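Below, each chain spelled out in residue letters.
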Amino acid sequence: NDVFGRSKGDEIIKQVAQRLEEYLPKDNVIGRISGDEFIVIAHLKKKEDAVYGVNQLMSALKFSFKFNGHQLKI
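Keep in mind that this is a model prediction, so the values were computed, not measured.

Undergrad: An account of a nonpolar patch on the surface is requested, with residue identities and associated values reported.
TA: A surface patch of nonpolar side chains, about 380 Å² in accessible area, is lined by V29, I33, I39 and I41. By the element assignment, I41 lies in strand β2 (residues 37–41).

Undergrad: Hey, could you go over the packing of helix α1 (residues 6–23) against helix α2 (residues 47–61) for me, with residue numbers and the actual values?
TA: The angle between the axes and the distance between the axes are what describe a pair of packed helices. For the pair α1 and α2, the least separation of the axes is 9 Å and the interaxial angle reads 135°. As far as their axial angle goes, α2 and α1 are oblique. Relative to α2, α1 is oriented so that their crossing is right-handed. Where α1 abuts α2, its residues V16, R19, L20 and Y23 lie against Q56, L57, S59, A60 and L61. Looking at the contact of α1 with α2, its residues break down into six nonpolar, two polar and one charged.

Undergrad: So what about α2? Which residues, and what values?
TA: With 15 residues, α2 extends 22 Å from end C-alpha to end C-alpha; this agrees with the ideal 21 Å at 1.5 Å per step. Inspection of α2 places G53, Q56, L57 and A60 among the buried residues, and these make up the whole buried set. For α2, the arc enclosing every buried residue in end-on projection is 95°, short of the 170-degree limit, so these residues lie on one face. Residues of α2 that are exposed and point over 90 degrees away from its buried face: K47, V51 and M58.

Undergrad: Outline the pattern of salt bridges, supporting the account with residue identities and numerical values.
TA: Where charged atoms of side chains with opposite charge meet at close range, the side chains can pair. Within this structure, the stated rule accounts for two salt bridges. Ionic pairing is found between E11 and K8, a salt bridge with its closest N-O pair at 3.9 Å. Here the residue E11 and the residue K8 both occupy positions in helix α1, the gap between them amounting to three residues, near one helical turn. Note on E11: relative accessible area 36%, which makes it partly exposed. Judged by relative accessible area, which is 30%, K8 ranks as partly exposed. Its salt-bridge partner being R32, residue D10 comes within 3.9 Å of it at the nearest N-O pair. Note that D10 is positioned in helix α1 and R32 in strand β1 (residues 29–34), a separation of 22 residues in sequence.

About the cut-offs
Residues numbered from 1 in each chain as written. Predicted model: local features only at pLDDT ≥ 70, side-chain atom pairs only at ≥ 80, totals over all residues. Heavy atoms only, no water. Patch = residues over 30% accessible without salt bridge, like charges linked within 9 Å, V, L, I, M, F, W, Y side chains within 5 Å. Areas by Shrake-Rupley, 256 points an atom, 1.4 Å probe, with all protein chains shown as cover. Salt bridge = Lys/Arg side-chain N within 4 Å of Asp/Glu carboxyl O. Helix = DSSP H or I, 4+ residues; strand = E, 2+ residues; numbered from the N terminus. Axes fitted to C-alpha atoms, helices over the stretch in contact; angles between N-to-C directions. Parallel < 35°, antiparallel > 145°, perpendicular 65-115°, else oblique. Left-handed = near helix turned anticlockwise from the far one by under 90°. Contact = heavy atoms within 4.5 Å. Nonpolar A, V, L, I, M, F, W, Y, C, P; charged D, E, K, R; others polar. Expected span 1.5 Å × (residues − 1). Buried < 20%, exposed > 50% of the residue type's maximum accessible area, 1.4 Å probe, protein only. Arc of directions from axis to C-beta.

Quick look at the structure:
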């Protein structure tokens, strides 16, 4: 928001949400709770499922985002 303005910042947040959604198993739910904060509701059968899910989310963010002629690292 500081660099591109609020409307452009919202576009980046939408891209982040889409990417996170792509990396989560289909039976999980992701939502934006405020600003740049998201929540995931996951169906977990064992503790290892939580670790796997967090690793998936972290993997989703290690690639840069193309935006407004720039490469952004989140």
